[in-house]
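Understanding the architecture of this molecule
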Amino acid sequence: MTAHAPIVTIASRAEHVQRITTPAGLEAWLVESHAVPLVALEFVILGGASQDPREKPGLATLLAATLDEGAGPYDARGFHRAIDDLAIHIGFGADRDAISGHLQTLSRNVDKAFGLLKLALNDARLEAGDVARVRSQLAAELKRDANDPDSMASKAFREAAFPNHPYGRPVRGDLASIDTLTREDLVALRERLIARRDLKIGVVGAIDATTLSDLLDATFGGLALQNDLAPVAEIEVANVGMRQVVDLDVPQSTIRFGRPSITKHDPDYYAVVVANHILGGGTFTSRLFREVREKRGMAYSVYSHLNEYDHCPMLIGAAATKNERAGEAIGVIQEEFRNFVADGPTEDELDKAKKFLIGSYALRFDTSTKIASQLVNLQLDGFEPSFLDERNGRIAAVTMEDCQRGAKRLLGDGDLLVTVVGKPAGV
């Protein structure tokens, strides 16, 4: 009799997700787990830096940074003391498309934690002195970035890729605008953005659905029903084929490159994911790493990844090399793109990429906060909880033909928008 290896089954992730609708009509996804006495909440409200007034970039970032600087009966110091005394973590952030927030607390302090989150969302003081202090902190960061090659390369790439579009403006603002942002600006933006519409919530931990439902209504139920978002146009990466140099007297050139990609709901999306992993997403195993670093020793790191803004899916990558080899490095990157389109991956590359992408997926679920974040991201992307079990199957189903087609759709003719900061030769 021939012995067979045992069949290993992976427990369903989706079956643990409870979809909650509260009496006030709020929706949330919950994974209840009492293994440790912790609760983690992540939420997102659509409308981030893309909603900044044209002349006031950085406003959403400043708003997110000041929501926990005093609220209700607490001044800034009192609010931070209240959360620190109970080992509660509350924070907010802004990206191009959303305002986000998170909460972590011991389950025994869950009522007080949600109460403090409610104050920050509904009754943040936004006092002029606190606004000025946080604004000066952001200005200090911007001054440091003004001569940082990585920041300069990202700025130049962004402005070339998204001309006359909100994505072309800086999320954290700039030195020309940051000091013009006022408390009145923050209050006006908060009234436009912080609302129950487009609110996505994920919760993981030692809390049941009934208790969570009551806490969510108490925390978010007082927010306005509707937001007031300005429309953001769909856009593709512009100026593909252009090479742009920002002169900086440093010995190394910092490179950014990119081109349009496809959305997560495109049937070829997972073929594109696999293709990009082989090309530049696999870090130490990718073709770009092998050709640029290992074979030619031109860069310590080189990579590409898929960046899915709400209104512009794109491929973006980076490298850094000595000034005298910058043009050569860009040429190798572009040549590798075109070779990949022409010839596709090898069977070994395809097999290893799929195994890595499937095996590493579990790392997205190794903490409560990561799981809560995944729940929110699925809601933002318009997927059902079942996707948690389907995702690896979609990767496994990618065939050689699929990957070749995905590479052609992702890389096209191999042309790239390239920005370089330094004194690059041959660009």
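Residues numbered from 1 in each chain as written. Predicted model: local features only at pLDDT ≥ 70, side-chain atom pairs only at ≥ 80, totals over all residues. Heavy atoms only, no water.

Going by an unreviewed UniProt entry, the protein chain carries the name Insulinase family protein and comes from Methylocystis rosea.

For the rest of this paragraph, the subject is helix α2 (residues 76-85). Taken together, the buried positions of α2 are occupied by Ala76, Gly78, Phe79, Ala82 and Ile83. Ala87 sits one or two positions beyond α2 and adopts a positive phi of about 55 degrees. (Buried < 20%, exposed > 50% of the residue type's maximum accessible area, 1.4 Å probe, protein only. Helix = DSSP H or I, 4+ residues; strand = E, 2+ residues; numbered from the N terminus.)

Attention shifts here to the packing of aromatic side chains. Within a pair of aromatic rings, the relevant descriptors are the distance that separates the centres and the angle that separates the planes. Scanning the entire structure with this criterion turns up 12 aromatic pairs. Residues Phe43 and Phe220 carry aromatic rings whose centres are separated by 5.3 Å and whose planes lie at 75 degrees to one another, so their mutual orientation is edge-to-face. Here Phe43 is found in strand β3 (residues 38-46), whereas its partner Phe220 is found in helix α7 (residues 209-220), with 177 residues between them in sequence. Grouping residues by exposure puts Phe43 and Phe220 together as buried. Summarising the aromatic geometry, the rings of Phe383 and Phe387 are spaced 4.4 Å apart at their centres and angled 20 degrees between planes, so their arrangement reads as stacked. With respect to class, Phe383 is no different from Phe387; both count as buried. By the ring-pair criterion, three or more aromatic residues cluster together here, those being Tyr269, Tyr270, Phe383 and Phe387. Over the ring of Phe365 we find Arg13; its NZ or CZ atom is 4.4 Å from the centre of that ring. (Phe/Tyr/Trp six-rings, centres within 6.5 Å; stacked < 30°, edge-to-face > 60°. Lys NZ or Arg CZ within 6 Å of the ring centre and 35° of its normal.)

What follows deals with the UniProt feature "domain: Peptidase M16 C-terminal" (unreviewed entry) in the protein chain. Using the residue numbers shown here, the UniProt feature "domain: Peptidase M16 C-terminal" (unreviewed entry) corresponds to residues 181-355. The distance from the first to the last C-alpha atom of residues 181-355 is 49 Å, and the span holds 41% helix and 23% strand. (UniProt positions renumbered as here; feature names shortened; annotations may be inferred.)

We note that Leu126 has phi near 50 degrees; this positive angle belongs to a residue other than glycine. Turning to its location among the elements, Leu126 is positioned in the loop between α3 (110-123) and α4 (128-145). Among the residues examined, Leu126 registers a relative accessible area of 1% and is labelled buried. Phi at Asn164 takes a positive value of approximately 55 degrees, unusual for a residue other than glycine. Mapping Asn164 onto the fold places it in the loop between α5 (149-161) and α6 (183-193).

Feature annotation in UniProt assigns "domain: Peptidase M16 N-terminal" (unreviewed entry) to the following positions: residues 35-173. Regarding residues 35-173, the helix share stands at 45% and the strand share at 17%, and the terminal C-alpha atoms are separated by 42 Å.

Before going further, it helps to spend a moment on the environment of Gly222. Of note, Gly222 is situated in the loop between α7 and β7 (243-247). For the pair Gly222 and Ser286, spaced 64 residues apart in the sequence, the C-alpha separation amounts to 49 Å. In this structure, Gly222 is in contact with Asn122 and Asp217, ignoring residues within four places of it in sequence. (Contact = heavy atoms within 4.5 Å.)

This next bit is on the sheet that holds strand β10 (residues 312-322). The strand order across the open sheet built from 5 strands is β7-β11-β8-β10-β9, with neighbouring strands paired in mixed fashion. Each end of this open sheet is capped by a strand with a single partner; those strands are β7 and β9 (302-309). With strand direction ignored, the average angle separating the axes of adjacent strands in the sheet is 20 degrees. Relative to β10, β9 is paired through 8 bridges, and the arrangement is antiparallel. Counted as the bridge partner of His305 is Ile316 from β10. (Pairing = 2+ DSSP bridges. Axes fitted to C-alpha atoms, helices over the stretch in contact; angles between N-to-C directions.)

In this sheet, strand β2 (residues 27-32) lies alongside strand β1 (residues 17-21) in antiparallel orientation, the contact comprising 5 bridges. Note on β2: the bridge partner recorded for Thr21 is Glu27. With antiparallel pairing between neighbouring strands as the criterion, β1 and β2 make up a hairpin whose turn holds 5 residues, including Gly25 at a positive phi of roughly 95 degrees.

With that settled, consider the pairing of strand β11 (residues 417-422). Of all the 6 residues making up β11, 6 are buried; the element is thus mostly covered by neighbouring parts of the structure. With 5 bridges joining them, β7 and β11 adopt parallel strand pairing. The residue of β11 that forms the bridge with Val245 is Val420. Both strand β8 (residues 252-260) and β11 contribute to a ladder of 5 bridges, which runs antiparallel. Paired with Thr254 across the bridge in β11 is Val421.

Take the layout of surface pockets next. Volume-wise, the largest pocket comes out at about 1,400 Å³. Broken down by secondary-structure element, the contributors of at least two residues to the lining of the largest pocket are β3, β5 (98-106), α8 (269-281), β9, α11 (347-360), α12 (368-381) and α13 (387-396). Ranked by the residues each element gives to the lining of the largest pocket, the list is headed by α12, at 7 residues. Grouping the amino acids of the lining of the largest pocket by side-chain chemistry returns 19 nonpolar, 11 polar and 11 charged. As for the second largest pocket, its lining consists of 19 residues, of which Leu142, Ser151, Lys155, Arg158 and Pro170 are closest to the centre. Elements supplying a minimum of two residues to the lining of the second largest pocket: α4 and α5. Here the lining of the second largest pocket gets 7 residues from one element, more than from any other, and that element is α5. Taken together, the residues of the lining of the second largest pocket break down into 8 nonpolar, 4 polar and 7 charged. (1 Å grid on protein atoms, 1.4 Å probe; cavity = no way out; pocket = protein on both sides within 12 Å on 5 of 7 lines; lining within 4 Å. Points joined across faces, edges and corners; volume = space filled by probe spheres on them. Nonpolar A, V, L, I, M, F, W, Y, C, P; charged D, E, K, R; others polar.)

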